[in-house]
Number of protein chains: 4
Amino acid sequence: MDDLKLAGISKEKKHTVIEINGIKIGKDFVVIAGPCSVESEEQTLKTAVAVKKAGADMLRGGAFKPRTSPYAFQGLGIEGFKILEKARKETGLPIVTEVIDARDVSWVCEYADVIQIGARNMQNYALLKEVGKLKKPVLLKRGMHSTLSEWLNCAEYILAEGNPNVILCERGIKTFETYTRNTLDLSIVPAAKEVTHLPIFVDPSHGTGKLSLIESMTYASIFAGADGIMLEVHIEPETAMSDSDQQLRPEDFEKIMNKIKKLKQSYDTIVVEEIG
Amino acid sequence: MDDLKLAGISKEKKHTVIEINGIKIGKDFVVIAGPCSVESEEQTLKTAVAVKKAGADMLRGGAFKPRTSPYAFQGLGIEGFKILEKARKETGLPIVTEVIDARDVSWVCEYADVIQIGARNMQNYALLKEVGKLKKPVLLKRGMHSTLSEWLNCAEYILAEGNPNVILCERGIKTFETYTRNTLDLSIVPAAKEVTHLPIFVDPSHGTGKLSLIESMTYASIFAGADGIMLEVHIEPETAMSDSDQQLRPEDFEKIMNKIKKLKQSYDTIVVEEIG
Amino acid sequence: MDDLKLAGISKEKKHTVIEINGIKIGKDFVVIAGPCSVESEEQTLKTAVAVKKAGADMLRGGAFKPRTSPYAFQGLGIEGFKILEKARKETGLPIVTEVIDARDVSWVCEYADVIQIGARNMQNYALLKEVGKLKKPVLLKRGMHSTLSEWLNCAEYILAEGNPNVILCERGIKTFETYTRNTLDLSIVPAAKEVTHLPIFVDPSHGTGKLSLIESMTYASIFAGADGIMLEVHIEPETAMSDSDQQLRPEDFEKIMNKIKKLKQSYDTIVVEEIG
Amino acid sequence: MDDLKLAGISKEKKHTVIEINGIKIGKDFVVIAGPCSVESEEQTLKTAVAVKKAGADMLRGGAFKPRTSPYAFQGLGIEGFKILEKARKETGLPIVTEVIDARDVSWVCEYADVIQIGARNMQNYALLKEVGKLKKPVLLKRGMHSTLSEWLNCAEYILAEGNPNVILCERGIKTFETYTRNTLDLSIVPAAKEVTHLPIFVDPSHGTGKLSLIESMTYASIFAGADGIMLEVHIEPETAMSDSDQQLRPEDFEKIMNKIKKLKQSYDTIVVEEIG
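Residues numbered from 1 in each chain as written. Chains lettered and ligands numbered in written order. Predicted model: local features only at pLDDT ≥ 70, side-chain atom pairs only at ≥ 80, totals over all residues. Heavy atoms only, no water.

**Q** Outline the relation of the copies chain D and chain A, supporting the account with residue identities and numerical values.
**A** Overlay of chain D on chain A (RMSD 0.0 Å): rotation 180 degrees, translation along the axis 0.0 Å. Such a turn and shift between the copies fits a two-fold axis. Using C-alpha coordinates, one finds that chain D approaches the rotation axis most closely at Ala 220 of chain D, a distance of 2.1 Å. Both copies present the same face, since 100% of the interface residues in chain D are matched by interface residues at the equivalent positions in chain A. (Least-squares fit on C-alpha atoms with pLDDT ≥ 70 in both. Contact = heavy atoms within 4.5 Å.)

**Q** Quick rundown of the relation of the copies chain C and chain D? Include the residues and the values.
**A** The transform that puts chain C on chain D rotates by 180 degrees and translates by 0.0 Å along the axis, for an RMSD of 0.0 Å. Interface residue correspondence from chain C to chain D reaches 100%, placing this contact among same-surface, isologous pairings.

**Q** If you had to explain the interface of chain D and chain A to someone new, which residues and values would you point to?
**A** Taken together, the 42 residues of chain D in the interface contact 42 residues of chain A. Interface area, chain D with chain A, both sides summed: about 3500 Å², of which 68% is carbon and sulfur. Considering only the side of chain D, the residues that lose the most area to chain A are Phe 176, Tyr 179 and Phe 223 of chain D, jointly responsible for 19% of the buried surface there. The tally of links between chain D and chain A comes to two salt bridges. Arg 142 of chain D serves as the salt-bridge partner of Glu 177 of chain A, at 2.8 Å between the closest nitrogen and oxygen. Scanning the region where chain D abuts chain A turns up 11 residue pairs in polar contact (both at pLDDT 80 or more). Going through the elements one at a time, helix 7 (188-195), helix 9 (211-224) and helix 10 (250-275) of chain D are the ones with two or more residues in the side of chain D that touches chain A. (Buried area = accessible area lost by both parts, 1.4 Å probe. Salt bridge = Lys/Arg side-chain N within 4 Å of Asp/Glu carboxyl O. Polar contact = N/O pair within 3.5 Å; in protein donor to acceptor, adjacent residues only side chain to side chain. Helix = DSSP H or I, 4+ residues; strand = E, 2+ residues; numbered from the N terminus.)

**Q** How would you summarise the interface of chain C and chain D if you had to cite specific residues and measurements?
**A** Counting residues at the interface gives 32 residues for chain C and 32 residues for chain D. Carbon and sulfur atoms make up 51% of the surface buried where chain C meets chain D, a total of about 2600 Å² over both sides. Among the residues chain C hides against chain D, the three largest losses belong to Tyr 71, Arg 103 and His 145 of chain C. Together they make up 21% of the total. Remark: the boundary between chain C and chain D carries four salt bridges. In this structure, the salt-bridge partner of Arg 103 of chain C is Glu 130 of chain D, at a minimum N-O distance of 2.9 Å. Seen at the junction of chain C and chain D, the total is 21 residue pairs in polar contact (both at pLDDT 80 or more). Elements represented by at least two residues in the side of chain C that touches chain D include exactly helix 1 (7-11), helix 5 (125-132) and helix 6 (148-160) of chain C.

**Q** Could you give me a rundown of the pairing of strand 3 (residues 30-34) of chain B, with the residues and numbers involved?
**A** Residue and element names in this part refer to chain B. When you tally the buried positions in strand 3, you get five out of five residues, the bulk of the element. Here strand 3 shows no split at all, with Val 30, Ile 32 and Gly 34 on one side and Val 31 and Ala 33 on the other all buried. As paired elements, strand 3 and strand 10 (residues 228-232) share five bridges and run parallel to each other. Residue pairing across strands places Ile 32 opposite Met 230, the latter belonging to strand 10. In this fold, the crossover linking strand 3 to strand 4 (residues 58-60) by way of helix 2 (residues 41-54) has right-handed handedness. (Buried < 20%, exposed > 50% of the residue type's maximum accessible area, 1.4 Å probe, protein only. Pairing = 2+ DSSP bridges. Right-handed = clockwise from strand over helix to strand, strands pointing away.)

**Q** Give a description of the sheet that holds strand 8 (residues 166-170) of chain C that names residues and reports values.
**A** Backbone hydrogen bonds hold the strands of a sheet together, and the pairing may be parallel or antiparallel. All names here are of chain C. Sheet architecture is closed into a barrel: eight strands sit in the order 3-4-5-6-7-8-9-10, paired in parallel fashion. When strand polarity is set aside, the average angle formed by the axes of neighbouring strands in this sheet is 25 degrees. In the sheet, strand 3 (residues 30-34) pairs with strand 4 (residues 58-60) via two bridges, with the strands oriented parallel. Paired with Ala 33 across the two strands is Leu 59, which belongs to strand 4. Sheet contacts for helix 7 (residues 188-195): strand 8 and strand 9 (200-202); angle to strand 9, the most-contacted strand, approximately 170 degrees. (Axes fitted to C-alpha atoms, helices over the stretch in contact; angles between N-to-C directions.)

**Q** Please give an account of the packing of helix 6 (residues 148-160) of chain B against helix 7 (residues 188-195) of chain B that cites residues and values.
**A** Residues and elements named next belong to chain B. At a closest axis distance of 11 Å, the pairing of helix 6 and helix 7 adopts a crossing angle of 55 degrees. Classed by the angle they form, the pair helix 6 and helix 7 counts as oblique. Crossing of helix 6 over helix 7 shows right-handed handedness. Here helix 6 contributes Leu 148, Trp 151 and Leu 152 to the contact with helix 7, which in turn contributes Ile 188, Ala 191, Ala 192 and Val 195. (Parallel < 35°, antiparallel > 145°, perpendicular 65-115°, else oblique. Left-handed = near helix turned anticlockwise from the far one by under 90°.)

**Q** Tell me about the pairing of strand 6 (residues 114-117) of chain B, residues and numbers included.
**A** All names here are of chain B. Burial along strand 6 is two-sided: Val 114 and Gln 116 and Ile 115 and Ile 117, pointing in opposite directions, are all buried. Note: strand 5 (residues 95-98) against strand 6, three bridges, orientation parallel. In the strand pairing of strand 6, Glu 98 is matched with Gln 116. Where strand 6 meets strand 7 (residues 138-141), three bridges bridge the pair, whose relative direction is parallel. Counted as the bridge partner of Ile 117 is Leu 140 from strand 7.

**Q** For the environment of Ala 56 of chain A, give the residues involved together with the corresponding values.
**A** Residue and element names in this part refer to chain A. Take Ala 56: it is sitting in the loop between helix 2 (41-54) and strand 4 (58-60). Counting along the chain gives 27 residues from Ala 56 to Ile 83, while the straight-line C-alpha distance between them is 18 Å. If near-sequence neighbours (up to four positions away) are discounted, Ala 56 is found in contact with Val 31, Ala 33, Val 51, Leu 93, Phe 253 and Met 257.

Structure (structure tokens):
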């Protein structure tokens, strides 16, 4: 990787561990779950309670939604963040939520435990630099057109400003295949692990865009070596205001959570133990 | 194009013409030329004078440079804009320059005649909305991963805020081919023309990333039906602080300009006349 | 192009010219036109007469059709070749037709003036070696997933067997864009010209898959520096057994031919002359 | 999948099971291992004995090698098949080997237990039809540019001729990413399973082209639901005549085999059991 000169990465060799409310990202296997969008208090709280009960570690939910069309639902904004605050209070789950404008970073930080930078904004350098000035953990999604090297350089934009708490998240890349919404690139997980110390998550919901493929891609992600998973869950997916084809019902998420726990144990026993 | 519901476009059917200092974009064939980055007063003024003399209509030059690596030259910022202002004063050429942060839009407008949104920021919706609030013309580059539909939806973000002065610019997409830096998609020119009334430019410098291919792709763009061309020119390309492999020398640019004028006449006489 | 060690190409530096019935491929600008498939004697002869009248230099027409589905029309086979023979007799146009099986190469050569290797068979090395044993000109289409280097290596498979008469043909590559059937890569034309002496054609019919884009891509190809063009023409496109969305009517082809001639003259006068 | 009309698949709904020497492909989890190329008797026999000892079910090895360059090693041909025959005799392992020319299908069948169609020949319809006339199992690799629909249509070419014994094999697709040789698309495994009854394998060796990524992609494939795996193993990878960067040493393969067995048990207990 000749074109990758990453001071932030060469400076510290140890695998990064980010602690949030006792959850150790980069050490524990962490599940982030929740709706694509915060649509209402009822929808968000019910989903939050359900994913907490099923065993999720953190709650995701977008109050700012970067949508392809300007006429699509753009998120509830400040009202959405207040709903997320209630959900955190009620469930104790830390909040992962997206920021799409550098001007919103400081105040959103009061509501967010992890700031998400979406795929479309991966190379929004103004935004990267802004979140780099904080210590707040940042979940940096891979751009749908981004090589590993370009992605890590974006992480470096954040590290270079002084924020070491970056979590990578693979979410599928654009290819010619049309059966899936994106092509989930699981090989990027071990690839990233061999050139960086940053934790890496997988988002099989966006990565496939297809409900029927999410379960197996979740399990495969564990064995690709991911540090965690991000899943979209909605109490009533068919009424969702965005991504209705890829949000799990709480009962299905619960079944998957049960298997994730057992599979993680298999992974630790069979794969890691024998490496160690 | 089922997924394309563009009120801004359906509202006005007439081909958009944007007038800047007597130049009619969407009617005249317009050549934007200049360095990738504003590096110094001398470099910028000399290049500006040279491209003006060769027949360019507008001057390009980046004062904010979105670079893959945070350690690469990031542009001169405000100092760069002041240099561009001098170049405009000296040559009379209107200025095309990039903004990468919504917070800079208002003050950069005092220096820019056309605001450029780069490929990496095509889906930076906060930035699109900000430039949508002005009447200042916006040159919107195609994202390197963007379908025609996604691109036009980004244009619509600007139109929907009230700014009708959008110019599209094809600059190459990401494919598996490695001989060129990007794959220049010239078929997007007539494709865009059949679904939108917006003018469309081509940038063969970024589109190929290879000096030896720029000339023929420039001529091909004219016959693909482009409304204009954007070319990188540098007085001393080998010392350029960015994109040194794809910037033309002024003398080569001048030769190309001479042919562009003649070829545009051939295009109008042979292709357009017989259509009309 | 480090991975390209092409003895066939390094051996002979001179631009290859292939003469067929007085037509000089690699010197003259050559237009190959005709139906996607040979469907019947009437359809083929009428189309052949029409394209001849309009000024085409050679006749294309498939008797073996490599189709995505095994249940789609697979071509008339030997019957089709006999129809092509009649068309050649009646119009004097040399025949360009595809072979998809090494076992058919020898006998098809009696009907074909140029053997076409289709995109799907670009890396069918058994077939390449077989046509390499002849002197019959071979039109080698670029695989839809092929880099320039891989493509030229396939040409080299033919050259290495002793057949120097290879014509390259760009026909669009697979990308994420769905507005067009393929993404026509015109920059491959000057790119190929800087690393090989072989003539290169463009096929805007397959390259775009969209009738409305063919005309401008044809003109753009001339100015990209192509040595010729291949266009699908059908007397009644709406009834065509294959590719009905991308075949021109004879009257539209004739209008395009008239402009091609004038544009080629512009190209020679304005672009080439000044280079020479 | 509107464009997929596959009689062979709609005719028989039951999951296909193909029995070879007591190995049940589509039921058991099957590991195919061996060198990229058959290079010599010693290299092949030693590797065969080693992979047998480690627990492989079948032996792979190419006697015909489709190589990008005509000057690269093209395989030992008939001599190679005789070596494979000895390896089968000595180890009892069934042989998986590639055919690249329809003319060789009948005689190669005497040496092969499974005929492999490589990625470059996925749409070599003459070859597909030829192997369709037999009952010999066919391992059909996905073309590096092929959508699921196009791939399944190629399988259908074989089924339509009367051979129901088709095994799919994902081996990576071409994308813009350059860190890996190809992008392994594991989501195609559950995707294929929801539209066809055919068994599907994964080839992480070609799929990544990088030794360091093969192990985790192998484990991930099991949990994506693959019916088997194909791995390149060479007694001395650094001297290999092809693919030297992606062939495992026998001792590393053995460690992976041990984990595969345990992981397959986890998969059956945790994932499948709870589904059943």
